[in-house]
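Here's the letter readout for the chains.
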Amino acid sequence: MSVTTEAGTFESLNPATGAVVGTHPIHDEKTVFETVERAQAAARWWAGLGWKERKNRLLRFKGALARNLNRISQVIHEETGKPIGDAVFEAVGAINLLDWAAKNAQKTLGPRSVFPGALSINQKAILEYHPLGVVGVIGPWNYPIYTPMGSLAFSLAAGNAVVFKPSEHTPGVGVLLAELFAEVVPERPVFQVVTGFGATGGALTRAGVNKIAFTGSGPTAKKVMAACAETLTPIVAECGGKDAFIIAADADLEEAAKSALWGAMSNAGQTCVGVERIYVVESVYEEFLGKLSARAEQLKAGYETDGTSFGPITMPGQLDIIERHITDALAAGGRAVVGGAESVRRPFVDPVVLVDVPDTASAICEETFGPTVTVTKVKSLDEAVAKANATEYGLASTVFTSSSKTALDVARRLRSGMTSINAAIAFALIPALPFGGVGESGFGRIHGADGLREFARPKAITRQRFKSALDTTTFTRTQKEIDQIIKLMQFLHGRKK
Ligand code: NDP
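Parameters and conventions
- For every chain, the first residue of the written sequence is number 1, and numbering continues from 1 along that sequence.
- This being a predicted model, a pLDDT of at least 70 is required before a residue's local features are given, and a value of 80 or more before pairs of side-chain atoms are given or counted; all residues contribute to the totals for chains, interfaces and linings.
- Each side-chain value is worked out from all heavy atoms of the structure, with water and hydrogens disregarded.
- Working definition: helices are DSSP H or I runs of at least four residues, strands are E runs of at least two. Numbering for both runs from the N terminus.
- C-alpha atoms define the radius of gyration in this analysis, and the globule rule sets the expected value at 2.2 Å times the number of residues to the power 0.38.
- By the convention used here, residues are in contact when the closest approach between their heavy atoms is within 4.5 Å.
- The Shrake-Rupley method, run with a 1.4 Å probe, gives the accessible areas here. Residue values count only the displayed protein chains as cover.
- His residues and chain termini do not enter the charge count, which takes Lys and Arg as positive and Asp and Glu as negative.
- Here the site of a charge means NZ on Lys, CZ on Arg, CG on Asp, or CD on Glu.
- The length a helix should cover is 1.5 Å for every residue beyond the first.
- Each residue is assigned to one of three classes by its accessible area relative to the maximum for its type, calculated with a 1.4 Å probe on protein chains only: buried under 20%, partly exposed between the two thresholds, exposed over 50%.
- Here a polar contact is recorded for every N or O atom pair within 3.5 Å, except that within protein the pair must consist of a potential hydrogen donor and a potential acceptor, and residues adjacent in sequence are included only if both atoms are side-chain atoms.
- When DSSP locates at least two bridges between a pair of strands, those strands are taken to pair.
- Helix axes use the C-alpha atoms of the stretch in contact, all axes being lines fitted to C-alpha atoms, and the angles between their N-to-C directions lie in the range 0 to 180 degrees.
- Surface patches are defined over residues having more than 30% relative accessible area and no salt bridge, joining like charges when they lie within 9 Å and nonpolar side chains (Val, Leu, Ile, Met, Phe, Trp, Tyr) when within 5 Å.
- For salt bridges, the criterion is a side-chain nitrogen of Lys or Arg within 4 Å of an Asp or Glu carboxyl oxygen.
- Stacked, tilted and edge-to-face pairs are distinguished by plane angle, under 30 degrees for stacked and over 60 for edge-to-face with tilted covering the rest, among Phe, Tyr and Trp rings (Trp via its six-membered ring) whose centres lie within 6.5 Å.

Trainee: If you had to explain the overall build of the protein to someone new, which residues and values would you point to?
Mentor: Secondary structure summary: the protein contains 15 helices and 21 strands in total. Since a compact globule built from 497 residues should have a radius of gyration of about 23 Å, the 26 Å found for the protein is in line with a globular shape. Pairs at least 24 residues apart make up 71% of the contacts formed inside the protein by residues separated by at least 6 positions. Accessible surface for the protein amounts to roughly 21100 Å². Of this, 56% is attributable to carbon and sulfur atoms. Computing the positive centroid from 52 side-chain charges and the negative centroid from 50, the protein places the two 13 Å apart.

Trainee: Run through helix α8 (residues 253-265), naming residues and quoting values.
Mentor: Counted at 1.5 Å a residue, the expected span for α8 with its 13 residues is 18 Å, and the 18 Å between its end C-alpha atoms agrees. Within the sequence span of α8, burial applies to L253, A256, A257, S259, A260, L261, G263, A264 and M265. Where α8 begins, the side chain of D252 points an oxygen toward the backbone nitrogen of E254, at a separation of 3.2 Å. One or two residues past the end of α8 sits N267, with phi positive at roughly 55°.

Trainee: Tell me about the sheet that holds strand β4 (residues 112-114), and name the residues and values.
Mentor: In any sheet, the strands associate via hydrogen bonds between backbone groups, in a parallel or an antiparallel arrangement. Strand order across the open sheet formed by three strands is β4-β5-β21, with antiparallel pairing between neighbours. Edge positions in the open sheet fall to β4 and β21 (456-464), since each of these has one partner strand only. Within this sheet the neighbouring strands show an average axis-to-axis angle of 35°, counted without direction. Bridging between strand β5 (residues 123-131) and β21 involves nine bridges; their strand directions are antiparallel. Across the sheet, residue A125 finds its bridge partner in β21, namely T462.

Trainee: Lay out a nonpolar patch on the surface in plain terms, naming residues and giving numbers.
Mentor: On the surface, a cluster of nonpolar side chains totalling about 470 Å² of accessible area is made up of F89, W262, L429, I430 and L433. Here I430 lies in the loop between β19 (418-421) and β20 (442-443).

Trainee: I'd like a description of the environment of H77, backed by residues and values.
Mentor: Residue placement: H77 occurs in helix α2 (residues 69-80). For H77, a relative accessible area of 8% puts it in the buried group. Separated by 63 residues in the primary sequence, H77 and N14 place their C-alpha atoms 8.5 Å from one another.

Trainee: Lay out the packing of aromatic side chains in plain terms, naming residues and giving numbers.
Mentor: Think of a pair of aromatic rings as described by two things: how far the centres are apart, and how the planes are tilted against each other in angle. A full pass over the atoms with the stated rule returns 10 aromatic pairs. Here W100 and F154 contribute two aromatic rings whose centre-to-centre distance is 6.0 Å and whose plane-to-plane angle is 25°, an arrangement assigned as stacked. Taken as a pair, W100 in helix α3 (residues 84-109) and F154 in helix α4 (residues 146-157) lie far apart in primary sequence, 54 residues in all. The pair formed by W100 and F154 is uniform in burial state, with each residue classed as buried. Considering the side-chain rings of F427 and F435, the 6.0 Å spacing of their centres and the 55° angle between planes classify their relative orientation as tilted. By relative accessible area, F427 is classed as buried at 6%. By relative accessible area, which is 6% here, F435 ends up buried.

The following block contains the structure:
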């Protein structure tokens, strides 16, 4: 939560208590442009350090994050309202990402020889990945360290400088990250932060960065993309989802209920890869619903340090969306088996489990981003897959079944960037796996080797080792050489099987 204060600054507020967590500058266009200019010079220095020096510094940054885990978690806790344990868990995930990016950058992006092919056998072919320059990272508030770290760590490890614009609701986490980075890399401003509202993010898209890594809503992603189109600046867009959770008749229902509930309600449902729709095969529907509801009844939204399952809704405007999705679902013939419209007690929302919700209701079609979930009975796994895929989003999904073959088959048919089998959101803790979506969920990838390549450009280099026996690429080539090439091609590719 945030409010504008005296000219040029704004306050980030604790969404649970309203207490001021910090005061930050609203950086204007001029400041953002100057910041990016400084970053361009720093990027050249950082790129020139080479793989080993960058890795050492990034591992030192990781050490600083680990040593300051309590401090970081406290800021996250205060700015988002999430329980301190969740804040710690999130920061641990971010450290894990940084560690992987630092240790795998050279292996993934460093020079390697590739086979040049029969026609170019006289050439040595080298593939390597060069940094882009400066990456502008526009971050969200729901996981203010874990989510941007997927862009920050991978950009830095690939040899870029970064300018980070944290969400207006969680600027303090971003500022602290930059401070800790500057302690271990004091030489140049390789990691800078600009704070403010959407206009500050907008300025970053026009400031001459070499790529924008955006996380947030689809509509804002489109604005960012339009601004970047002016200068052909590429973007990677991590947007929202409407993730499905499918339960087969042979699933372990107890485990499925535990996992679905955590996927749907942890972080008060404010998770881009959170479970929003559950599809259960009819033979186990009632039993699963009973187990899920019993567990959901036990959860409690709040801000106390003990006994709170999840915190408040961080962004006040989201409360209206959550309330609308619940009331629309009920008006359209749905039923709340846990909670209901009364569960919205601002700024908190208690768990809501909705059933019999029509496919056209907003609770099924639009991202809710709250601790609500729909449970829908389906006749078969085929119907579950069809319903799961009947959305413009395509971020993540889960399937629960005791058959590995069925699980893989369903996973491959689900139109989403990530699918977990027998555990919700498991991919998010595996830094080697790419993270990203399709359709309205965005494009491009963070995390893993693909995430490193996202922030680098491939460079192809050839070195002629000896003169080719076939002189094909000069004007002195002869008909005889062309005839030899025809023969070679027919030998290599033209034989009938
Ligand atoms: P937004 O898409 O509005 O904002 C995301 C980031 O973009 C913030 O840092 C924001 O700054 C910045 N921004 C806003 N306008 C511009 C602009 N014109 N140019 C450049 N940057 C801009 O998301 P919200 O935080 O408002 O959340 C709205 C919805 O987005 C949620 O309901 C949820 O559905 C989805 N969301 C998805 C997330 C995910 O992880 N996929 C994360 C967060 C939200 P500022 O905050 O200062 O306005």
